[in-house]
Amino acid sequence: MFRLYDTDGNGILDSTELDCIVNQMMNVAEYLGWDVTELRPILMDMMVEIDYDADGTVSLEEWKRGGMTTIPLLVLLGLDTNVIKDDGNHVWRLKHFNKPAYCNLCLNMLVGFGKQGLTCTFCKYTVHERCVQRAPASCIGTYVKSKKTSQSMNHHWIEGNCPGKCDKCKKSIKSYNGVTGLHCCWCQITLHNKCASHVKPECTFGDIRDHILPPTTICPAVLERQPTVVNKRQLNRTDSAMLEGSGLQVCSLLHQFQITPNPGTHPLLVFINPKSGGKQGTRILRKFQYLLNPRQVFNLAKTGGPMTGFQFYKDVPVFRVLCAGGDGTIGWVLETMDKMNFQQSGQEAQVAILPLGTGNDLSRCLRWGGGYEGENLIKFLQKIERATPVQLDRWNIEFSTNEREDEEKGDPIPSNIFNNYFSIGVDASIAHRFHMMREKHPEKFSSRMKNKLWYFEFGTSETFSATCKNLHDKIDIMCDGVSLDLASGPSLECIAILNIPSIYGGSNLWGDNPGGRKRSKSSKSQKKREKERDFSSNSMSSSDFNFTIQEIGDKQIEVVGLENAFHAAQVRTGLRASGRRLAQCSSVTIRTRQRFPMQIDGEPWMQPPCTIHVTHKNQVTMLMAPPNNNKLKLFNLFKK
């Protein structure tokens, strides 16, 4: 590329040759229809900065060095050539049709066994396999080339294969008769062909307009350049995955776009872990790519982590985040949000959950449920709009060990932050055995039901083996600087530190409060009690814990003990009200005197003797789902 622009062959690029490069870039931008009013000065500055020795010319060495911190000339303006080529092209996948379906190209029915044809993931355009090569590139656009593009958008109609009723005349569409009926990919309305003329051509994006990033809000932007080359040792796994295989060490493709959301909207940023919930993740990924702008939906298995999506939303002041996955996926997203430092940038993000994992404890306590069961995703998105923001505490946990040569080393610690719980003992032993078995035989853990059966088997065997018997004699616990007396009372095999009222897939070890129903009436007296005493072990007797309320955003954590694995099962089934309540406090220090299994938010490992410090880190805004109104609807039905 350097020799291509070195017209005189003297090994350097002078000012005339650099001007030719800038003109070439400008010509490409104008050909693509971009807004180039402010582009030339930026490109001129880039050419000046490549000249590191400031002699007015650019040598081959400077050209190579500059290529590490500026946009690549093959891409010219910082936009990947694949983005230009693929936007508007269909994304095909083979599909089995349960109902009569017709080819949008040859208009004939798709027949046969198995998967009869191909359909576009983004727009549902359907064709035979023999017709796919002749299909027009008529898929939805996901961005515009210039800010000067009109902000109004027309419906994007796909004809045929849209059974149901017409949203205009409310009569059935006889889609089995051939290619008839129209469906808009953006607002999801369905019409008869004859009814389309009675509908305005402008699309309003329907009932989920608050979540959608219209293509008119996304336009290309010139890449920002970094002043220095980034050291690969300083990159995390997300950055490394993005940079792998490219000649640039600083070039995020998502920086190529600038987002200007419509006023009053809260665009949804969707992260999906396809490995969660069996094959549910893959299906939900396709559904969201169809309902929203595909650029809003990120496959965590391909992007390398949530950082890519947050960088794409760097210009959006207020938005919502949807995590489709298990508790581990949620923790990954929240950890990335810490790195983004939204408080400094002035951005505001609220996090909702679509549960796809096995335990889904955080999802349960925020009323999103214990697992996705095929709910209509449009109704789910409307539920997110009605959700209530709540604050969730997050906790730092630090481990310090006295390493000995004769002592066996432990496993790597999965995280230094927990959002749900941290535990030592029998429950972590069960989780660790489950984790080891899944690593050896992943094919045996292909569904949520199979996972629960394996947990049941390991829990039953652990009840008889009692590998963590008399755990209370081998650890010391200090809550807010005061030691807990673990010797009094029954022996313990587990200590759990709880941030939320759900553990082990729905168990509330702290238990319900007797006066919970009268909580609103007693709020004033509760505040008065908070002023009169500290919520630490030195000032609370065992009777006080009967009225202690567990909150996810009170900057307090609860310490609970379990007698054995059977004790946890009894709490889960309601045979016992709770575990043994030990303390509610703002900091915990634990010293262990032997090797124990431990787990953080369901991620287990074996830990040698150590000292553990738990302190409050920060709070994050989560979304609590609206309450289920089924009981209220049933009451109103009888009332009528």
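As the structure is a prediction and not an experimental result, all values here were calculated from the model.

Undergrad: I'd like a rundown of the overall build of the protein, residues and numbers included.
TA: Looking only at helices and strands, one finds 18 helices and 28 strands in the protein. By residue count, 49% of the 640 residues in the protein fall in the buried class. Put simply, of all contacts in the protein between residues at least 6 apart along the chain, 73% involve residues at least 24 apart. Summing over all exposed atoms, the protein offers an accessible surface of approximately 32600 Å²; the carbon and sulfur share of this is 51%.

Undergrad: Describe the side chain of D210, listing the residues and the values that go with them.
TA: Mapped onto the fold, D210 is located in the loop between β10 (190-191) and β11 (218-220). Of note is the side chain of D210, whose polar atom sits 3.1 Å from the backbone nitrogen of H266.

Undergrad: Go over the nonpolar core with me, naming the residues and quoting the values.
TA: Of all hydrophobic cores here, the largest spans 85 residues; its most connected members are F288, F310, L366, W368 and M622. Ranked by size, the runner-up nonpolar core spans 30 residues in total, among them C468, I477, C585 and V588.

Undergrad: Explain the sheet that holds strand β4 (residues 117-120) to me, and be specific about the residues and the numbers.
TA: Strand order in this open sheet of 3 strands is β3-β4-β5, and the pairing throughout is antiparallel. Edge strands, defined here as strands with exactly one partner in the open sheet, are β3 (92-95) and β5 (126-127).

Undergrad: If you had to explain the pairing of strand β28 (residues 610-624) to someone new, which residues and values would you point to?
TA: Two strands pair when backbone bridges link them, and strand β17 (residues 388-401) and β28 are joined in this way by 14 bridges, in the antiparallel orientation. For V390, the partnering residue across the bridge sits in β28 and is M622. Bridging between strand β25 (residues 587-592) and β28 involves 5 bridges; their strand directions are antiparallel. Among the inter-strand pairings, I590 is bridged to a residue of β28, identified as I612.

Undergrad: Could you give an account of helix α10 (residues 327-340), with specific residues and numbers?
TA: Its 14 residues give α10 an end-to-end C-alpha distance of 20 Å, which sits within 8% of 20 Å, the value for a rise of 1.5 Å per residue. Taken as a whole, α10 has its buried residues at D327, T329, I330, G331, V333, L334, T336, M337 and M340. Phi turns positive one or two residues past the end of α10, at N341, with a value near 55 degrees.

Undergrad: Quick one: what's the story with the packing of aromatic side chains, residue by residue and with numbers?
TA: Going through the model one piece at a time under the given rule, you end up with 15 aromatic pairs. Relative to F312, the ring of F257 lies with its centre 6.5 Å away and its plane at 85 degrees, an arrangement referred to as edge-to-face. In this pair, F257 is assigned in strand β12 (residues 257-259) and F312 in helix α9 (residues 307-312), connecting sequence segments 55 residues apart. Taking relative accessible area as the criterion, F257 reaches 2% and is therefore assigned buried.

Undergrad: Account for the confidence of the model for the protein, with residues named and values stated.
TA: Mean pLDDT for the protein: 81, with 80% of residues reaching 70 or above. Across the protein, the secondary-structure element scoring lowest on mean pLDDT is helix α6 (residues 237-243), at 35, and the one scoring highest is strand β13 (residues 268-272), at 97. Confidence drops under a pLDDT of 50 for residues 68-85, and excluding neighbours within four residues, the segment shows 50 contacts in the predicted structure. Contacts from residues 515-543, a stretch scored under 50 in pLDDT, to residues over four places away or in other chains number 27 contacts.

Undergrad: With reference to specific residues and values, describe the pattern of salt bridges.
TA: In total, this model carries 6 salt bridges according to the counting rule given. K314 is the partner of D315 in a salt bridge, and the nearest nitrogen-oxygen pair spans 3.5 Å. By relative accessible area, which is 25% here, K314 ends up partly exposed. One salt bridge in this structure joins R593 and D476, with 2.7 Å as the shortest N-O distance.

Undergrad: Please provide a residue-by-residue account of the state of the cysteines, values included.
TA: Scanning all chains against the criterion turns up 0 disulfides. Left unpaired, C494 is separated from the closest cysteine sulfur, that of C468, by 8.2 Å. No disulfide involves C585; its sulfur sits 3.7 Å from the nearest other cysteine sulfur, which is in C479.

Undergrad: Go over the packing of helix α7 (residues 280-291) against helix α13 (residues 377-385) with me, naming the residues and quoting the values.
TA: One way to put it is that α7 packs onto α13 with a least axis distance of 11 Å and a crossing angle of 70 degrees. Considered as vectors, α7 and α13 are oriented roughly perpendicular to each other. Facing K287, F288 and L291 of α7, the residues of α13 in contact are L377, I378 and L381.

Undergrad: I'd like to hear about the side chain of T126, residue by residue, with values.
TA: For T126, the position within the fold is in strand β5. Among the residues examined, T126 registers a relative accessible area of 1% and is labelled buried. Looking at T126, its side chain comes within polar contact range of the main-chain oxygen of K124, at 3.1 Å. Dropping the residues within four chain positions of it, T126 is found in contact with F97, Y102, C103, N104, L105, L110, L118, T119 and N161.

Undergrad: Give me the environment of H266: which residues, what numbers.
TA: Within the secondary structure layout, H266 lies in the loop between β12 and β13. Considering only alpha carbons, one finds H266 and R320, 54 residues apart in sequence, at a separation of 6.2 Å. In contact with H266, not counting residues within four places along its chain, are D210, H211, V318, F319 and R320.

Undergrad: I'd like a description of the environment of V132, backed by residues and values.
TA: Summarising the element assignment, V132 is placed in the loop between β5 and β6 (157-159). For the pair V132 and T119, spaced 13 residues apart in the sequence, the C-alpha separation amounts to 9.6 Å. Not counting the four nearest positions on each side in its chain, V132 is found in contact with W92, L118 and V127.

Undergrad: Requested: an account of α7, with residues and values cited.
TA: With 12 residues, α7 ought to run about 16 Å at 1.5 Å a step, and its terminal C-alpha atoms sit 16 Å apart, in line with that. Taken together, the buried positions of α7 are occupied by Q280, G281, I284, L285, F288, Q289, Y290 and L291.

Undergrad: Before we move on, could you go through the sheet that holds strand β26 (residues 596-600) and cite the residues and values that matter?
TA: Across the sheet, which stays open at both edges, the 6 strands sit in the order β24-β23-β22-β19-β26-β27 with antiparallel pairing between neighbours. Edge positions in the open sheet fall to β24 (580-585) and β27 (603-607), since each of these has one partner strand only. Recorded for the sheet is a direction-independent mean angle of 20 degrees between the axes of neighbouring strands. Sheet analysis places strand β23 (residues 557-562) next to β24, joined by 5 bridges and oriented antiparallel.

Undergrad: Which residues make up the environment of C365, and what are the values?
TA: For C365, the location among the structural elements is in helix α12 (residues 361-365). On the accessibility criterion, C365 (15% relative accessible area) is buried. In sequence terms C365 and G506 are 141 residues apart; their C-alpha atoms lie 8.3 Å from each other. Beyond its immediate stretch of four places on either side in the chain, C365 contacts I500, P501, S502 and M624.

Undergrad: Provide a residue-level description of the pairing of strand β19 (residues 421-425), including the pertinent values.
TA: Consecutive side chains of a regular strand alternate in pointing toward one face of the sheet and then the other. Counted residue by residue, β19 has 5 buried out of 5 residues, so it is predominantly covered. Bridging between β19 and strand β22 (residues 494-498) involves 5 bridges; their strand directions are antiparallel. Each residue of the ladder has a partner; that of G425, found in β22, is C494. The pairing of β19 with β26 spans 3 bridges and is antiparallel. The residue of β26 that forms the bridge with I424 is M598.

Cut-offs and rules
- Residues numbered from 1 in each chain as written.
- Predicted model: local features only at pLDDT ≥ 70, side-chain atom pairs only at ≥ 80, totals over all residues.
- Heavy atoms only, no water.
- Helix = DSSP H or I, 4+ residues; strand = E, 2+ residues; numbered from the N terminus.
- Buried < 20%, exposed > 50% of the residue type's maximum accessible area, 1.4 Å probe, protein only.
- Contact = heavy atoms within 4.5 Å.
- Areas by Shrake-Rupley, 256 points an atom, 1.4 Å probe, with all protein chains shown as cover.
- Polar contact = N/O pair within 3.5 Å; in protein donor to acceptor, adjacent residues only side chain to side chain.
- Core = buried A, V, L, I, M, F, W, Y, C linked by side-chain atoms within 4.5 Å.
- Pairing = 2+ DSSP bridges.
- Expected span 1.5 Å × (residues − 1).
- Phe/Tyr/Trp six-rings, centres within 6.5 Å; stacked < 30°, edge-to-face > 60°.
- pLDDT = per-residue confidence, 0-100.
- Salt bridge = Lys/Arg side-chain N within 4 Å of Asp/Glu carboxyl O.
- Disulfide = S-S within 2.5 Å.
- Axes fitted to C-alpha atoms, helices over the stretch in contact; angles between N-to-C directions.
- Parallel < 35°, antiparallel > 145°, perpendicular 65-115°, else oblique.

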